[in-house]
Amino acid sequence: MRIFPAVDILGGRCVQLVQGKRESATAYGDPLSCARRWLDAGADALHVVNLDGAFGNSAKNADLIRALVKESGLEIELGGGIRSIEDAGRWLETGVTRIILSTLAIQNPECIRTLAREFGSDRVMAGVDAKGGEVAIHGWQETAGDYISWAETFEKLGTGFLLYTNVDVEGLQQGVAIEPVRELISRVHVPVIVAGGVSARADVAALREAGAYGAVLGSALYSGKINFSEALEESR
């Protein structure tokens, strides 16, 4: 199983939020320094979120993210504020490995087919942000139907990956809710990367045993509740 340290960017700083709320942000310094820290610890991939984009300013942090792609040399999946096929294409052309489509994928599912045909399925990831079993959109403020049904739809349209985020436990550092993960993995055939609640070696082990392709480490990693090297060891 793969481990993806999170580098979430807000106002040019690496931050972590609780439950996606801007006012909960805790800053951890320069994103490039954070990326180097995980690279030095053995990371071979990063999960990058342009939070300014998610909050409405999709152009902000563009130069910083380009520098991150160039300097790290790592596999990078990028989400946050990708609101059009054109936005997605521009990010892919900067060299990010794959883009994450969440609200856009719900509002315009055909964008997945279009982008998969142009850039390849392996560069397209559909975000399944689940809140109470339903997909959450627009900053997790609205719900839009059963998360399993949407995941199956995204797979049929050609997504190469799914990012499943359990909004109910995201940022709380209290562990993963494993049953919804198992249910999702049993219903689709594309790789599933899981975010939300990964806070201990036991969570990593549970996700590995459930068949997850990868796990995103965020708040618990930055607070020191989970150690990156131990998580990497547990994933193997």
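Residues numbered from 1 in each chain as written. Predicted model: local features only at pLDDT ≥ 70, side-chain atom pairs only at ≥ 80, totals over all residues. Heavy atoms only, no water.

A.B. asks: Looking at this structure, how should I read the environment of Glu-93?
C.D. replies: Considering the arrangement of structural elements, one finds Glu-93 in helix 4 (residues 85-93). Note on Glu-93: relative accessible area 60%, which makes it exposed. When the C-alpha positions of Glu-93 and Leu-163 are compared, they lie 21 Å apart, and in sequence the two are 70 residues distant. (Helix = DSSP H or I, 4+ residues; strand = E, 2+ residues; numbered from the N terminus. Buried < 20%, exposed > 50% of the residue type's maximum accessible area, 1.4 Å probe, protein only.)

A.B. asks: So what exactly am I meant to see when it comes to the pairing of strand 7 (residues 124-131) here?
C.D. replies: If a strand is regular, its side chains alternate between the two faces of the sheet. Within strand 7, seven of the eight residues are buried, leaving the element largely enclosed by the surrounding structure. The sheet contact formed by strand 6 (residues 98-101) and strand 7 spans three bridges and is parallel. Looking across to strand 7, one finds that Ile-99 is bridged to Val-124. Here strand 7 runs beside strand 10 (residues 161-166); their pairing, made up of six bridges, is parallel. Bridge assignment links Asp-129 to a residue of strand 10, and that residue is Thr-165. As defined by bridge partners, strand 7 adjoins strand 8 (residues 134-137) across two bridges and the pair is classed as antiparallel. What sits directly across from Lys-131, in strand 8, is Glu-134. (Pairing = 2+ DSSP bridges.)

A.B. asks: In this structure, what is going on with the packing of helix 4 against helix 6 (residues 110-119)? I would like to understand it.
C.D. replies: When two helices pack together, you describe them by how their axes are tilted relative to each other and by the distance separating the axes. At their nearest, the axes of helix 4 and helix 6 sit 11 Å apart, and the two run at 30 degrees to each other. Here helix 4 is positioned roughly parallel relative to helix 6, judged by the angle of their axes. You can see that helix 4 and helix 6 cross each other, and the crossing is right-handed. Of the residues in helix 6, those touching helix 4 at Ile-85, Ala-88, Gly-89, Leu-92 and Glu-93 are Cys-111, Thr-114, Leu-115 and Phe-119. Residues of the contact of helix 4 with helix 6, tallied by class, amount to six nonpolar, two polar and one charged. (Axes fitted to C-alpha atoms, helices over the stretch in contact; angles between N-to-C directions. Parallel < 35°, antiparallel > 145°, perpendicular 65-115°, else oblique. Left-handed = near helix turned anticlockwise from the far one by under 90°. Contact = heavy atoms within 4.5 Å. Nonpolar A, V, L, I, M, F, W, Y, C, P; charged D, E, K, R; others polar.)

A.B. asks: I tried to follow the packing of aromatic side chains on my own but got confused; where do I start?
C.D. replies: The relative placement of two aromatic rings is captured by the distance of their centres and the angle of their planes. The final tally for this structure, using the stated rule, is six aromatic pairs. The aromatic ring of Phe-161 is capped on one face by Arg-98, whose charged end is 4.0 Å from the ring centroid. (Phe/Tyr/Trp six-rings, centres within 6.5 Å; stacked < 30°, edge-to-face > 60°. Lys NZ or Arg CZ within 6 Å of the ring centre and 35° of its normal.)

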